[in-house]
Amino acid sequence: MKFSENKRQLLHNKREILYRKAQRKIYKDSYFSKISKFTNKDVVINNFLSLEETDNLIDKINCKKIFWSKKKYNCSYKEVIAFIQSKMNNQFFYLLIDTEWKYCGAYIVMNEIAKEYDFDKLISDEIRIIPHNLSFQIRIDYDFNEIECEYISYK
């Protein structure tokens, strides 16, 4: 009985991945534009994780225990950039923007962040930055001209 349930779950996961891959073309242009504007670089196709790898990344981060978390409200984008750069120390990180990452995958960035980013113009409201070692996560939320930055450290 349990084997049948596992098989059913695997089939469901496979169907979900296939659906998300089929939806990729709907989100690709918007996601690539947001990545390009955030990194100030052209998007490199080889820098994307597959959907399966992205799901594994998210599963790993969701299974971690939170050691410490702090939110900063009403910060400027320049403050957020300075904070990210101080935490990244020239290591590469995974970038996930809004919900498009669910269809296109996480994007690998080598500490390249634009000095300006227009959340309104790009219709963007959430950016997640996760270092390669998964030791922390930075979430940037934008809502009605206010930027909220959350730093989550994991055990």
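Our structure's up above, just so we're on the same page.
So, here's what we can say about the structure. Nothing here was measured: the structure is a model prediction, and the numbers come from that model.

Structural notes on a negative patch on the surface
Together, D125, D141, D143 and E146 make up a negatively charged patch on the protein surface. Along the chain, the position of E146 falls in strand β6 (residues 146-154). E146 sits in the partly exposed class, given a relative accessible area of 46%.

Observations regarding the pattern of salt bridges
Applying the stated criterion across every chain yields a total of eight salt bridges. Close ionic contact of K72 with E79 constitutes a salt bridge, the shortest N to O distance being 3.4 Å. Overall, the relative accessible area of 42% leaves K72 in the partly exposed class. Note that K78 is salt-bridged to E116, the shortest N-O span being 3.0 Å. Remark: E116 occurs in the loop between β3 (107-109) and β4 (126-131) and K78 occurs in helix α3 (residues 77-88); sequence separation between them is 38 residues. Both residues of the pair, K78 and E116, count as exposed. A single salt-bridge network, built from bridges that share partners, covers E16, R20 and D55.

Definitions and cut-offs
- Residues numbered from 1 in each chain as written.
- Predicted model: local features only at pLDDT ≥ 70, side-chain atom pairs only at ≥ 80, totals over all residues.
- Heavy atoms only, no water.
- Patch = residues over 30% accessible without salt bridge, like charges linked within 9 Å, V, L, I, M, F, W, Y side chains within 5 Å.
- Areas by Shrake-Rupley, 256 points an atom, 1.4 Å probe, with all protein chains shown as cover.
- Salt bridge = Lys/Arg side-chain N within 4 Å of Asp/Glu carboxyl O.
- Lys, Arg positive; Asp, Glu negative; His and termini not counted.
- Charge placed at Lys NZ, Arg CZ, Asp CG, Glu CD.
- Helix = DSSP H or I, 4+ residues; strand = E, 2+ residues; numbered from the N terminus.
- Buried < 20%, exposed > 50% of the residue type's maximum accessible area, 1.4 Å probe, protein only.

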